Amino acid sequence: MDTIASVSASRMILTPLSSVWADVSPTSLYKLQEILEVRFGMGTWTAFHDTLLPQPAFVVLFALSLVFWMLGYKKPSLAGRFAA
């Protein structure tokens, strides 16, 4: 999405995470706001809203995918593919 918009505008365009999240599932964003405010206080939502949501969506999603990859990575066997 950012690539197409950037090429057509002839300048770099980065979509913030808040915009993508609001387009995909606005109700889940409001639910997350309610959960954070009720369980952890208003300051937690403010910190989340001011630090993570304005970041470019591709950076946040790339970092999340990297974390999931690291959690699920299995090292290959030292003995090799044909070891018993």
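Look up a bit, the structure's there.
Reading the values: the criteria
- What you see as residue numbers is a count from 1 along each chain, following the sequence as written.
- Given that the model is predicted, a residue must reach a pLDDT of at least 70 before its local features are reported, and side-chain atom pairs must reach 80 or more before they are shown or counted; all residues, however, enter totals for whole chains, interfaces and linings.
- Side-chain numbers here rest on the full set of heavy atoms in the structure, without hydrogens or water.
- Only the stretch in contact is used when fitting a helix axis, every axis being a line fitted to C-alpha atoms; angles between N-to-C directions are given from 0 to 180 degrees.
- To qualify as a helix, a DSSP run of H or I must reach at least 4 residues; to qualify as a strand, a run of E must reach at least 2; elements of each kind are numbered from the N terminus.
- Any two residues whose heavy atoms approach within 4.5 Å are treated as being in contact.
- Throughout this entry, Asp, Glu, Lys and Arg are counted as charged residues, while Ala, Val, Leu, Ile, Met, Phe, Trp, Tyr, Cys and Pro are counted as nonpolar. The remaining residues, Gly among them, count as polar.
- Within this scheme, the nonpolar core is defined by two criteria: the residues are buried Ala, Val, Leu, Ile, Met, Phe, Trp, Tyr or Cys, and they are joined through side-chain atoms within 4.5 Å.
- The rule is simple: take the accessible area with a 1.4 Å probe, protein chains only, and divide by the maximum for that residue type; under 20% is buried, over 50% is exposed, in between is partly exposed.
- Two rings from Phe, Tyr or Trp (for Trp, the six-membered ring) form a pair when their centres sit within 6.5 Å of each other. Planes less than 30 degrees apart are called stacked, planes more than 60 degrees apart edge-to-face, and all others tilted.

Caption draft 1: Here's a closer look at the packing of helix α2 (residues 17–24) against helix α3 (residues 26–40). The N-to-C vectors of α2 and α3 enclose an angle of 115°; their axes lie 5 Å apart at closest approach. Of the residues in α3, those touching α2 at W21, A22 and V24 are P26, S28, L29 and L32. Of the residues belonging to the contact of α2 with α3, the class tally is six nonpolar, one polar and no charged.

Caption draft 2: Up close: the side chain of T15. Within the secondary structure, T15 is located in the loop between α1 (2–9) and α2. In this view, T15 contacts M1, D2, V20, Q55, P56 and A57; residues no more than four positions away in its chain are not counted.

Caption draft 3: Local environment of unusual backbone geometry. Phi angles above zero are rare outside glycine, and S10 is one such case at about 60°. Looking at the secondary structure, you find S10 in the loop between α1 and α2.

Caption draft 4: Structural context of the nonpolar core. One finds L17, L29, L36, W45, F48, L53, A57 and V60 forming the largest nonpolar core, which totals eight residues. Of all the elements in the fold, those that place two or more residues in this core are α3, α4 (42–51) and α5 (57–72). Excluding residues within four positions of it along the chain, L17 makes contact with L52, L53, Q55, P56, A57 and V60.

Caption draft 5: The packing of aromatic side chains, seen in detail. Applying the stated criterion across every chain yields a total of three aromatic pairs. Geometrically, the ring pair formed by W21 and F48 is edge-to-face, given 6.4 Å between the ring centres and 85° between the ring planes. Here W21 is found in helix α2, whereas its partner F48 is found in helix α4, with 27 residues between them in sequence.

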